[in-house]
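# Remarks on the overall topology
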Amino acid sequence: MFILHKSKAMKSIDSFNLPPGFIIAGKYRIISKLGEGWEGEAYKIAEIQTGIERTAKLFYPKRNPRRKTSMRYAKKLHKLRHCPMLIKYHTGERFTYKKASITALISEYVEGEVLSEFLKKLPGKRLHPFEAVHLLHILAKGIEQIHQYNEYHGDLHLDNIMIKRFGLSFEVKILDFYHWEATKSENKQNDIIDLVRVLYDSLGGAKHYAKQPDFIKYICCGLKRSLIIEKFRTVSILRKHLELMEW
Ligand SMILES: Nc1ncnc2c1ncn2[C@@H]1O[C@H](COP(=O)(O)OP(=O)(O)O)[C@@H](O)[C@H]1O
Ligand SMILES: [Mg+2]
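What counts and what doesn't
- Here the residue index of a chain counts from 1 through its sequence in written order.
- All chains are assigned letters beginning with A, and all ligands numbers beginning with 1, in the order in which they are written.
- Note on the predicted model: pLDDT of at least 70 is required for a residue's local features to be given, and 80 or more for side-chain atom pairs to be given and counted; whole-chain, interface and lining totals, by contrast, use all residues.
- Values reported for side chains reflect all heavy atoms of the structure, with hydrogen atoms and water molecules removed beforehand.
- What makes two strands pair is DSSP finding at least two bridges between them.
- Helix and strand labels come from DSSP, where a helix needs a run of H or I of at least four residues and a strand needs a run of E of at least two; each type is numbered from the N terminus.
- Any pair of residues with heavy atoms lying within 4.5 Å of one another is described as a contacting pair.
- Angles here are taken between N-to-C directions and fall from 0 to 180 degrees, while the axes themselves are lines fitted to C-alpha atoms, restricted in helices to the stretch in contact.
- Only residues above 30% relative accessible area that lack a salt bridge enter a patch, with like-charged residues linked at up to 9 Å and the nonpolar side chains Val, Leu, Ile, Met, Phe, Trp and Tyr linked at up to 5 Å.
- Accessibility throughout is a Shrake-Rupley quantity obtained with a 1.4 Å probe, and a residue counts as covered only by protein chains that appear here.
- A carboxyl oxygen of Asp or Glu within 4 Å of a side-chain nitrogen of Lys or Arg is what we treat as a salt bridge.
- Neither His nor the chain termini are counted; the positive set is Lys and Arg, and the negative set is Asp and Glu.
- A single reference atom marks each charge: NZ on Lys, CZ on Arg, CG on Asp, CD on Glu.
- Relative accessibility decides the category of a residue: with a 1.4 Å probe and only protein chains considered, values under 20% of the type maximum give buried, values over 50% give exposed, and everything between is partly exposed.
- When two rings of Phe, Tyr or Trp (its six-membered ring) have centres within 6.5 Å they constitute a pair, described as stacked for plane angles under 30 degrees, edge-to-face for angles over 60, and tilted for the intermediate range.
- A ring is considered to have a charge above it if a Lys NZ or an Arg CZ atom is located within 6 Å of its centre and within 35 degrees of its normal.
- By nonpolar core is meant a set of buried Ala, Val, Leu, Ile, Met, Phe, Trp, Tyr and Cys residues that side-chain atoms within 4.5 Å join together.
- How far each domain reaches was decided by an automatic or database domain assignment.

### What to know about the sheet that holds strand β9 (residues 169-174)
Two pairing modes exist for strands in a sheet, parallel and antiparallel, and in both the strands are linked by backbone hydrogen bonds. Taken in spatial order, the three strands line up as β7-β8-β9 in an open sheet, and their pairing is antiparallel. Edge positions in the sheet fall to β7 (113-114) and β9, since each has one partner strand and no second. Inspection of the sheet shows β7 paired to strand β8 (residues 161-166) by two bridges, in the antiparallel sense. Bridge pairing links V114 to M162 in β8. Against the sheet, helix α4 (residues 129-148) makes contact with β8 and β9, and its axis sits at roughly 40° relative to β9, the strand it touches most.

Shown next as structure tokens:
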């Protein structure tokens, strides 16, 4: 009886939309909602005892059966804790919402904005090619470290990259992961394709592609997957190419 009841509660939750002030696990207060995706919702929160800002990622129970999704996510963040480009994982919490037990993963709150928002504010809504390859180099170095741990990101795009101008460069953090049922090497290749796509998108996408300089087209390969992988079999090859390319 109880199990039936519980699984009904699990299936019925399609959104949380928790209001500011809502308390999670007796320890954190919601400040605002940051976003929502397939697996759940992200919130800016404050630790009640200290007032320190954090991020909570809440998983929809139906996307998190036996807490497998959240567990995998937390363990991956922990395994990659020495990669400075990833957000720092703090703790896992549970709380009850509409009779269902919800998992919340607490991590650092990153200041800055997602790359998609950052681009919208720029003149022409895109980066200059020099800035864009610079950003790609930062990202490639970060992803290279993740691949060195034999892991992958799985969901690199403009909304999973946080960016802030800092001195002569950018401060960049990557959020989110996605678990794919594919081999590690296929997943790593997908990360390379996604990185090239981020370059392409941050330069204004299809609308501006024809006029991009040759060194950009050499990397983007018209977004043809096989051509990109042929040139950049690993993310290290891409990173080295950026460091040694001629203008
Ligand atoms: N640690 C964080 N610091 C600041 N903002 C974050 C953080 N994590 C997520 N966000 C914001 O919340 C949005 C959604 O979070 P994300 O982890 O990408 O989950 P999903 O895409 O599955 O909803 C992000 O695009 C970003 O704007
Ligand atoms: Mg996301």
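### So, a positive patch on the surface
On the surface, a cluster of positive charge is contributed by K125, R126, K207 and K211. The class for K207 is exposed, based on a relative accessible area of 74%.

### Comments concerning the packing of aromatic side chains
Tallied over the full model, the rule gives 10 aromatic pairs. Considering the side-chain rings of F22 and F95, the 6.2 Å spacing of their centres and the 65° angle between planes classify their relative orientation as edge-to-face. In this pair, F22 sits in the loop between α1 (2-12) and β1 (23-24) while F95 sits in strand β5 (residues 89-97), placing the two residues 73 residues apart along the sequence. Aromatic side chains F59 and Y73 sit 6.0 Å apart centroid to centroid with 70° between the ring planes, which places their arrangement in the edge-to-face category. Of the two residues, F59 is situated in strand β4 (residues 53-59) and Y73 in helix α2 (residues 68-79); the sequence distance between them amounts to 14 residues. Taken together through their ring pairs, the aromatic side chains of F16, F22, Y60, F95 and Y97 make up a single cluster. Against the face of W38 rests R63, its NZ or CZ located 3.4 Å from the ring centre. Taking NZ or CZ as reference, K231 lies 3.8 Å from the ring centre of Y218, over its face.

### Comments concerning the nonpolar core
If you look at the biggest cluster of nonpolar residues, it comprises 56 residues, and the most contacted ones within it are L115, L139, V172, I174, L195, L199 and I219. Top contributing element to this core by residue count: α4, with nine residues. In terms of domain composition, this core takes at least three residues from each of domain 1 (2-108) and domain 2 (113-244). When sequence neighbours within four positions are dropped, the list of residues in contact with L115 reads L135, L158, I161, I163 and V198.

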